[in-house]
Amino acid sequence: NQASVYVNYDATSTGGIGEDIPLYQISEAYPNPANHLATIDYDFTGVTNSSIVIYNLLGKMVEKTDVSGTAGKARINTTNYNEGIYFYSLLINNEVIRTQKLIIRH
C-alpha cells in the first residue's frame, strides 16, 4: 500500500507595495495551566476589530472578549470554567488568525 500527497504553494502577494497590512503579535496564555486567571499579551498595528474567543473541547463557545487598543493584556477569568482543555482563538475582522490551547486546573 502506498499513498502520495502533493501540495502546491502559491507564494505570490495579492497586495501592492506600500499597502497597509495589519500586523499582530499575541502571546500564549499564561499561566498555562491556569487556575483562576489567564492572561494573553497582544500588540496590534492597523487592526480595528479584534477579539479572543474561548471554546471548550467540544467546540462550543464559552466566552468572547473584545480586544481594544493597539497593545495590552487580555485577562480571562477562568474561575467558573470546569477543569479541562480549552482552546482560544484570536479573531481579526471576524476571521480566525491563530488558535492555541488553554488548560484549566483548579
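The structure we're discussing is the one just above.
Anyway, here's the lowdown on the structure attached to this text. (Residues numbered from 1 in each chain as written. Predicted model: local features only at pLDDT ≥ 70, side-chain atom pairs only at ≥ 80, totals over all residues. Heavy atoms only, no water.)

1. Details of a nonpolar patch on the surface
Piece 1. Together, Leu57, Ile85 and Phe87 make up an exposed nonpolar region whose accessible area comes to about 260 Å².
Piece 2. With respect to the helices and strands, the residue Leu57 is situated in the loop between strand E3 (50–56) and strand E4 (61–67). (Patch = residues over 30% accessible without salt bridge, like charges linked within 9 Å, V, L, I, M, F, W, Y side chains within 5 Å. Areas by Shrake-Rupley, 256 points an atom, 1.4 Å probe, with all protein chains shown as cover. Salt bridge = Lys/Arg side-chain N within 4 Å of Asp/Glu carboxyl O. Helix = DSSP H or I, 4+ residues; strand = E, 2+ residues; numbered from the N terminus.)

2. Topic: the sheet that holds E4
Backbone-to-backbone hydrogen bonds pair the strands of a sheet. The strands run either parallel or antiparallel.
Piece 1. Read across the open sheet, the 4 strands follow the order E4-E3-E6-E7; overall the sheet is antiparallel. Of all the strands in the sheet, the pair left with one neighbour each is E4 and strand E7 (95–104). Going across the sheet, the axis of each strand differs from the next one's by a mean of 20 degrees, ignoring polarity.
Piece 2. When E3 meets E4, the two strands line up antiparallel, connected through 6 bridges. (Pairing = 2+ DSSP bridges. Axes fitted to C-alpha atoms, helices over the stretch in contact; angles between N-to-C directions.)

3. Re the nonpolar core
Piece 1. Counting residues in hydrophobic clusters, the biggest one holds 20 residues, and the most contacted among them are Ile52, Ile54, Tyr88 and Leu102.
Piece 2. Mapped by element, the contributors of at least two residues to this core are strand E2 (37–45), E3, strand E5 (71–77), strand E6 (84–92) and E7.
Piece 3. Once residues lying within four places of it in the same chain are set aside, the contact partners of Leu102 are Ala29, Pro31, Asn32, Ala34, Ala38, Gly84, Ile85, Tyr86 and Tyr88. (Core = buried A, V, L, I, M, F, W, Y, C linked by side-chain atoms within 4.5 Å. Buried < 20%, exposed > 50% of the residue type's maximum accessible area, 1.4 Å probe, protein only. Contact = heavy atoms within 4.5 Å.)

4. A few points about the pairing of E7
Piece 1. Here E6 pairs with E7 via 9 bridges, running antiparallel. Bridge assignment links Tyr88 to a residue of E7, and that residue is Gln100.
Piece 2. Counting the residues that bridge the hairpin from E6 to E7 gives 2 residues, and of these Asn93 lies at a positive phi of roughly 50 degrees.

5. Some points on unusual backbone geometry
Piece 1. Residue Pro31 follows Tyr30 across a cis peptide bond; omega there is -10 degrees.
Piece 2. Mapping Pro31 onto the fold places it in the loop between strand E1 (23–26) and E2.
Piece 3. With an omega of 20 degrees, the peptide bond between Asn32 and Pro33 qualifies as cis.
Piece 4. Its place among the elements puts Pro33 in the loop between E1 and E2.

Fair warning: the whole summary comes from geometry, so function is off the table for now.
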